[in-house]
Amino acid sequence: PMVLTALARIGGSPQQMRRFFDHYRSYKKLRPFAVPSQTLGDDDWQSAIGHRDREPDLRLFFSRQVAKHGIDGALRQFLPVLAPGIAASAFHALMRTAYGVLRANETDIAVALGYWAATYLALPPATGAPPITGDPAEVLRRVAGIEVLHHLVLHELLWQNIRDATATEEFRPVVDWLDIGPDAMEQMASVAIRAFAATQHFAALHVVTGLHWIRLVTPCCERQTLDVMLRVFWQAIAALMPEMGFPVLPDERMVDRWRRLDAPGWDDIHAAAAASFDEHDISFAFSAFEEMKVYGDPLYRVAAARRLGLIGDYRQ
């Protein structure tokens, strides 16, 4: 439903939406959702956190909560509990939540919260140690210097690599390194699009889209909850440095040169994405467009055009 929403937002036709859904259902081998087995209440729902087999029970619980409190009320009540597990299913539970907010759809929010709780990924918690930098890029540079991370065996799934990197003793202090100030999300967004523009890496793509999703959820949570989400999100992104190959971010001169490239407009980019069977093409084309509207950086358009094969490799 998230990608279908993105497809509609970038101008995809009903025929393209049906075409994409039929393809996705087939190659993902989608099956009917399991039925609930045990009722959860206010006092015991947290016992099911992190248990994927309890997702049907969690979905039913959150359906009742959203019906009772509404979307905003339910998110304000439960996001403080779920925020430290924002890496759940490699941020895709966050994605489901963000698109539920975008669509103002109570069913989507109930499904999203159940998904988030069931796939909750616990990372080393913040200790309150003094931060060492206000620059998200500096955190990534320092993580690249953690030797043990260069020898990790990588898995196919992003969340598994986040889990394994954060489980190393040397990585544990990373969560405290970044000062989460009032402009932290904007700083992260700047680093994110530079990292993706430089690498076109699958994991870097999720940094850009993930920040869009956090921004969509922001109106429905308190500042303290947002700060937790941002801190843990960047902790998880830092844990993906091995998967990304420990990239070195381009300098300002290089980025400025990329920004001035002659790239197609958003209409052409969106048309190319709408014709794609790759859900990440569609997701990125939508998120990059929305983030550029907020931050004004033309690098979003250049990077999206490169992702869709509309321009050549500008990194030469």
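Structural data are supplied above this passage.
Residues numbered from 1 in each chain as written. Predicted model: local features only at pLDDT ≥ 70, side-chain atom pairs only at ≥ 80, totals over all residues. Heavy atoms only, no water.

K.L.:
Account for the overall build of the protein, with residues named and values stated.
P.N.:
What the protein contains, in helices and strands, is 15 helices and zero strands. A compact globule built from 316 residues should have a C-alpha radius of gyration of about 20 Å, and the protein, at 19 Å, falls within 12% of that. Principal-axis analysis of the C-alpha atoms places the extent of the protein at approximately 60 × 55 × 35 Å. Per-residue burial for the protein yields a buried fraction of 53% across its 316 residues. Of all intrachain contacts in the protein linking residues separated by at least 6 positions in sequence, the fraction that spans at least 24 positions is 75%. In the protein, 32 side chains carry a positive charge and 37 a negative one; their mean positions are 5 Å apart. (Helix = DSSP H or I, 4+ residues; strand = E, 2+ residues; numbered from the N terminus. Rg over C-alpha atoms; globule rule 2.2 N^0.38 Å. Buried < 20%, exposed > 50% of the residue type's maximum accessible area, 1.4 Å probe, protein only. Contact = heavy atoms within 4.5 Å. Lys, Arg positive; Asp, Glu negative; His and termini not counted. Charge placed at Lys NZ, Arg CZ, Asp CG, Glu CD.)

K.L.:
Tell me about the nonpolar core, and please be specific about residues and values.
P.N.:
By size, the foremost hydrophobic cluster in this structure holds 112 residues, and its most contacted members are Trp-45, Val-143, Leu-211 and Trp-234. Dropping the residues within four chain positions of it, Trp-234 is found in contact with Pro-136, Val-139, Leu-140, Leu-178, Met-188, Val-191 and Val-207. (Core = buried A, V, L, I, M, F, W, Y, C linked by side-chain atoms within 4.5 Å.)

K.L.:
An account of the environment of Arg-141 is requested, with residue identities and associated values reported.
P.N.:
Positionally, Arg-141 belongs in helix α6 (residues 136-143). C-alpha separation for the pair Arg-141 and Val-174, spaced 33 residues apart in sequence, amounts to 11 Å. A distance of 3.3 Å separates the side chain of Arg-141 from the side chain of Asp-135, its partner in a polar contact. (Polar contact = N/O pair within 3.5 Å; in protein donor to acceptor, adjacent residues only side chain to side chain.)

K.L.:
So what about the packing of helix α13 (residues 266-274) against helix α14 (residues 279-295)? Which residues, and what values?
P.N.:
Packing of α13 against α14 brings their axes to within 8 Å, and their N-to-C directions diverge by 155 degrees. It follows that α13 is roughly antiparallel to α14 by the angle criterion. In this structure, α13 meets α14 at a crossing whose hand is left-handed. Contacts from Trp-266, Ile-269, His-270 and Ala-273 of α13 reach α14 at Asp-281, Ile-282, Ala-285, Ala-288, Phe-289 and Met-292. When its residues are assigned to classes, the contact of α13 with α14 shows eight nonpolar, one polar and one charged. (Axes fitted to C-alpha atoms, helices over the stretch in contact; angles between N-to-C directions. Parallel < 35°, antiparallel > 145°, perpendicular 65-115°, else oblique. Left-handed = near helix turned anticlockwise from the far one by under 90°. Nonpolar A, V, L, I, M, F, W, Y, C, P; charged D, E, K, R; others polar.)

K.L.:
Could you give me a rundown of the pattern of salt bridges, with the residues and numbers involved?
P.N.:
Applying the stated criterion across every chain, the model contains 23 salt bridges. Among the ionic pairs, Glu-55 bridges to Arg-52, the shortest N-O distance being 2.6 Å. Judged by relative accessible area, which is 49%, Arg-52 ranks as partly exposed. Across the pair Arg-259 and Asp-297 runs a salt bridge, and its minimum N-O distance is 2.8 Å. With Arg-259 in helix α12 (residues 252-259) and Asp-297 in the loop between α14 and α15 (299-307), this pair connects stretches of sequence that are 38 residues apart. Each member of the salt-bridge network shares a partner with another, and the members are Arg-194, Glu-252, Asp-256, Arg-259 and Asp-297. (Salt bridge = Lys/Arg side-chain N within 4 Å of Asp/Glu carboxyl O.)

K.L.:
Which residues make up α12, and what values do they have?
P.N.:
Within the span of α12, buried status applies to Val-255, Trp-258 and Arg-259. One side of α12 holds all its buried residues, which, seen down the axis, span an arc of 100 degrees. Of the surrounding secondary structure, the elements contacted by the buried residues of α12 are α8 (184-199) and α15. (Arc of directions from axis to C-beta.)

K.L.:
Could you give me a rundown of the packing of helix α1 (residues 2-9) against helix α2 (residues 14-27), with the residues and numbers involved?
P.N.:
The contact between α1 and α2 brings their axes to 10 Å, and the two run at 155 degrees. By the criterion of interaxial angle, the relationship of α1 to α2 is roughly antiparallel. Taken as a pair, α1 and α2 cross one another with a handedness that is right-handed. Seen from α1, the contacting residues are Val-3, Leu-4, Leu-7 and Ala-8; seen from α2, they are Gln-16, Met-17, Phe-20 and Phe-21.

K.L.:
Account for the packing of aromatic side chains, naming residues and giving values.
P.N.:
Describing an aromatic ring pair means giving the distance of the ring centres and the angle of the ring planes. Counted under the stated rule, the structure contains 14 aromatic pairs. Residues Tyr-24 and Tyr-27 carry aromatic rings whose centres are separated by 5.8 Å and whose planes lie at 85 degrees to one another, so their mutual orientation is edge-to-face. With a gap of three residues between them, Tyr-24 and Tyr-27 both fall in helix α2, about one helical turn apart. Its relative accessible area of 25% is what places Tyr-24 among the partly exposed residues. Measuring from centroid to centroid gives 6.1 Å for Tyr-99 and Phe-286, while their planes differ by 55 degrees, and the two rings are tilted. Of this pair, Tyr-99 sits in helix α4 (residues 92-103) while Phe-286 is found in helix α14, placing the two residues 187 residues apart along the sequence. Like Phe-286, Tyr-99 is buried. Through a chain of ring-to-ring contacts, the aromatic side chains of Trp-45, Phe-61, Phe-62 and Phe-78 assemble into a single cluster. Over the aromatic face of Phe-277 sits the side chain of Arg-19, whose NZ or CZ is 3.9 Å from the ring centroid. For Arg-59, the ring lying beneath its charged end belongs to Phe-33, and the centroid distance is 3.6 Å. (Phe/Tyr/Trp six-rings, centres within 6.5 Å; stacked < 30°, edge-to-face > 60°. Lys NZ or Arg CZ within 6 Å of the ring centre and 35° of its normal.)

Keep in mind these values describe shape, not function.
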